[in-house]
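So you can see what is in the structure, the chains are spelled out below.
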Amino acid sequence: MTTLQTATTALMDITPRPPVVFASGHGSWLYDTAGRRYLDLVQGWAVTCLGHSPATIVKALTEQAGRLINCSPAYYNEVAIRLAEGLVGASGLDQVFFTNSGAEANEGAIKLARKWGTKHRGGAYEIITMENGFHGRTLATMSASGKPAWKDLFEPKVPGFTKVPLGNLAAVEAAIGDRTVAVMLEPIQGEAGVIPAGADYLRKLRALTERRGILLILDEIQTGMGRTGRMFGFEQSGVQPDVMTLGKGLGGGVPLAALLAREDACCFEYGDQGGTFNGNPLMCAVGSAVLAEIGAPGFLERVQAASGHLQRGLERLASRHGFGAVRGQGLLVALDLTRPVGPTIVEAALAKGLLVNAPRQDTLRFMPALTISDDEIDQAIALLDRVCADLDEKVSA
Ligand SMILES: Cc1ncc(COP(=O)(O)O)c(C=O)c1O
């Protein structure tokens, strides 16, 4: 394993990074500066949905770079219009605002809901969010998140967020008051360890928010763009949100995210929202290429088949090594390890050339490229099997 450049002090030390420096990638594989290859089931945390440097994105980027990179969001550009119309057509929502990150899209959703509350609900501004939810790292989105480790960070938090346990409809009902403007949640809590909200709960939440005249905001930054085997996670429950955010897979690896809403919720006035890079043609060209690829006939069926293959492999692994249940949808899948060995497995897997993620000590999360082959899935399971066998041996020694 190379240690080249890993001792750099030029980068802010914001997370423990393994002693590997990546230099290139192709599909499901990453290569380090020593030429060693790694089977990547993290894919930038569900970002590089078509794998690393796919031809379709390289083509979109290079062609668009030679044509027009940016012309300011104060002007229309044909590429942003094409992508906005594509997303509107695919989602059934009416309008789009492009951003550069998921957190920025959620920040926009929070602002939109507050504006809507000012205009239509007597100044209501409070948003009900979920315990253990994750919405980003700006101050408002950290305040909206229910990540326990953030509870006392960067005080004072942005006010106006009430947290309830995921899945408890009565708690939402009890939390709705005159100042409530929206409920905001992920269809599947990704960072919390792949915890589905559940179709029944989402349907009841939709009915409740309609009855009480408040907005339903779905954060589909992790679940959108084919990740669950459907274009958007909400399709699994048939529930349509008033506001939705997309990110991660939308740009296939480039910084692109989006805020979408129903027409009657699109109430920003001039000056309320904007940003220098928002909707730039270079990123939007990639978004259109990604959307076309995911929407191509057979693509999502293949994601569903790969999901079944991965889940069956993980179930076999679980029964061999005494782990628990496999959960998730599409290619957002978690394995309950039932004991706090996640970080040990992640480290040992890296040494064997496999990248996986442990969002919790007792959970492994798998977010491979949506284009991963069954053979690559088999290779990943075989590598994990060897890692777990070594671990079992150490425990019994
Ligand atoms: C559900 C969800 N919302 C928001 C975000 C934040 O997105 P970004 O890191 O692009 O700001 C993430 C990132 O992990 C996420 O999973």
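Residues numbered from 1 in each chain as written. Predicted model: local features only at pLDDT ≥ 70, side-chain atom pairs only at ≥ 80, totals over all residues. Heavy atoms only, no water.

Caption draft 1: Structural detail: the overall build of the protein. Counting secondary structure elements, the protein contains 11 helices and 17 strands. Taken over C-alpha atoms, the radius of gyration comes to 21 Å for the protein, in line with the 21 Å a tight globule of 397 residues would show. Taken over the C-alpha atoms alone, the protein extends approximately 65 × 55 × 45 Å along its principal axes. Counting every position in the protein, which comprises 397 residues, the buried fraction comes to 51%. Summing over all exposed atoms, the protein offers an accessible surface of approximately 17,400 Å²; the carbon and sulfur share of this is 55%. (Helix = DSSP H or I, 4+ residues; strand = E, 2+ residues; numbered from the N terminus. Rg over C-alpha atoms; globule rule 2.2 N^0.38 Å. Buried < 20%, exposed > 50% of the residue type's maximum accessible area, 1.4 Å probe, protein only. Areas by Shrake-Rupley, 256 points an atom, 1.4 Å probe, with all protein chains shown as cover.)

Caption draft 2: Representation of the site of the ligand. Lining the immediate surroundings of the ligand are 13 residues, of which Gly-102, Ala-103, Asp-219, Gln-222 and Lys-248 lie closest. The side chain of Gln-222 places a nitrogen or oxygen atom 2.8 Å from an oxygen atom of the ligand. Relative to its unbound accessible surface of 390 Å², the ligand loses 81% to contact with the protein. The element that contributes the greatest number of residues to the shell around the ligand is helix H4 (residues 102-120), accounting for 3 residues. (Near = heavy atom within 4 Å. Polar contact = N/O pair within 3.5 Å; in protein donor to acceptor, adjacent residues only side chain to side chain.)

Caption draft 3: The arrangement of the packing of aromatic side chains in detail. Tallying each qualifying case throughout the model produces 3 aromatic pairs. An angle of 5° between the planes, with centres 5.7 Å apart, marks the rings of Phe-232 and Phe-234 as stacked. A single burial state applies to Phe-232 and to Phe-234, both of which are buried. The side chain of Arg-37 reaches across the aromatic face of Trp-29, ending 3.7 Å from its centre. (Phe/Tyr/Trp six-rings, centres within 6.5 Å; stacked < 30°, edge-to-face > 60°. Lys NZ or Arg CZ within 6 Å of the ring centre and 35° of its normal.)

Caption draft 4: Helix H2 (residues 55-65), seen in detail. Restricting attention to buried positions, one finds in H2 the residues Ile-57, Ala-60 and Gln-64. End-on, the buried residues of H2 take up no more than an arc of 65°, which puts them together on one face. Exposed side chains of H2 directed beyond 90 degrees from the buried face belong to Ala-55 and Thr-62. (Arc of directions from axis to C-beta.)

Caption draft 5: A look at the state of the cysteines. All chains considered together, the criterion is met by 0 disulfides. There is no disulfide at Cys-71, and the cysteine sulfur nearest it, in Cys-284, is 10.0 Å away. Cys-71 sits in the partly exposed class, given a relative accessible area of 23%. Cys-284 gets classed as buried once you look at its relative accessible area, which sits at 0%. (Disulfide = S-S within 2.5 Å.)

Caption draft 6: Focus on helix H3 (residues 78-91). Spanning 14 residues, H3 covers 20 Å between terminal C-alpha atoms, matching the ideal 20 Å at 1.5 Å per step. Buried residues of H3: Val-79, Ala-80, Leu-83, Ala-84, Leu-87 and Ser-91, and no others. Relative to the axis of H3, the buried residues are bounded by an arc of 130° and lie together on one face. Turned more than 90 degrees from where H3 packs its buried face, Glu-78, Glu-85 and Gly-89 sit exposed. Buried residues in H3 make contact with H2, strand E4 (95-99), strand E11 (243-246), strand E12 (257-261) and helix H8 (281-295). One side-chain oxygen of the residue at the start of H3 lies 3.0 Å from the amide nitrogen of Val-79, identifying that residue as Asn-77. After H3 finishes, the residue Gly-92 shows a positive phi value of roughly 80°. (Expected span 1.5 Å × (residues − 1). Contact = heavy atoms within 4.5 Å.)

Caption draft 7: Region of the structure containing the environment of Pro-148. Structurally, Pro-148 can be placed in the loop between helix H5 (139-144) and strand E6 (161-164). According to the relative accessible area criterion, Pro-148 is exposed, its value standing at 57%.

Caption draft 8: Structural view of the sheet that holds strand E14 (residues 332-336). In spatial order, the strands read E13-E14-E17-E16; together these 4 strands make up an open sheet with antiparallel pairing. Unpaired on one side and paired on the other, strand E13 (326-329) and strand E16 (357-360) mark the two borders of the sheet. Pairwise comparison of adjacent strand axes, ignoring direction, gives a mean angle of 30° for this sheet. Across 2 bridges, E16 lies against strand E17 (residues 363-366) in antiparallel orientation. Across the sheet, Arg-360 pairs through a bridge with Thr-363, a residue of E17. (Pairing = 2+ DSSP bridges. Axes fitted to C-alpha atoms, helices over the stretch in contact; angles between N-to-C directions.)

Caption draft 9: Local environment of a nonpolar patch on the surface. On the surface, Leu-139, Leu-153 and Phe-154 cluster together into a nonpolar patch covering about 280 Å² of accessible area. Relative to the helices and strands, Leu-153 resides in the loop between H5 and E6. Taking the relative accessible area as the measure of exposure, Leu-153 reaches 33% and is therefore partly exposed. (Patch = residues over 30% accessible without salt bridge, like charges linked within 9 Å, V, L, I, M, F, W, Y side chains within 5 Å. Salt bridge = Lys/Arg side-chain N within 4 Å of Asp/Glu carboxyl O.)

Caption draft 10: Summary view of the domain arrangement of the protein. What the domain assignment reports for the protein is domain 1 (4-54 + 298-396) and domain 2 (56-294). Computed over C-alpha atoms, the centres of domain 1 and domain 2 are 27 Å apart. Taken together, the contact between domain 1 and domain 2 spans 27 residues of the former and 27 residues of the latter. Between domain 1 and domain 2 we count 1 salt bridge in total. (Domains from an automatic or database assignment.)

Caption draft 11: Inspection of the environment of Pro-54 at higher detail. Mapped onto the secondary structure, Pro-54 falls in the loop between helix H1 (43-46) and H2. Classification of Pro-54 as buried rests on a relative accessible area of 11%. When the C-alpha positions of Pro-54 and Met-225 are compared, they lie 16 Å apart, and in sequence the two are 171 residues distant.

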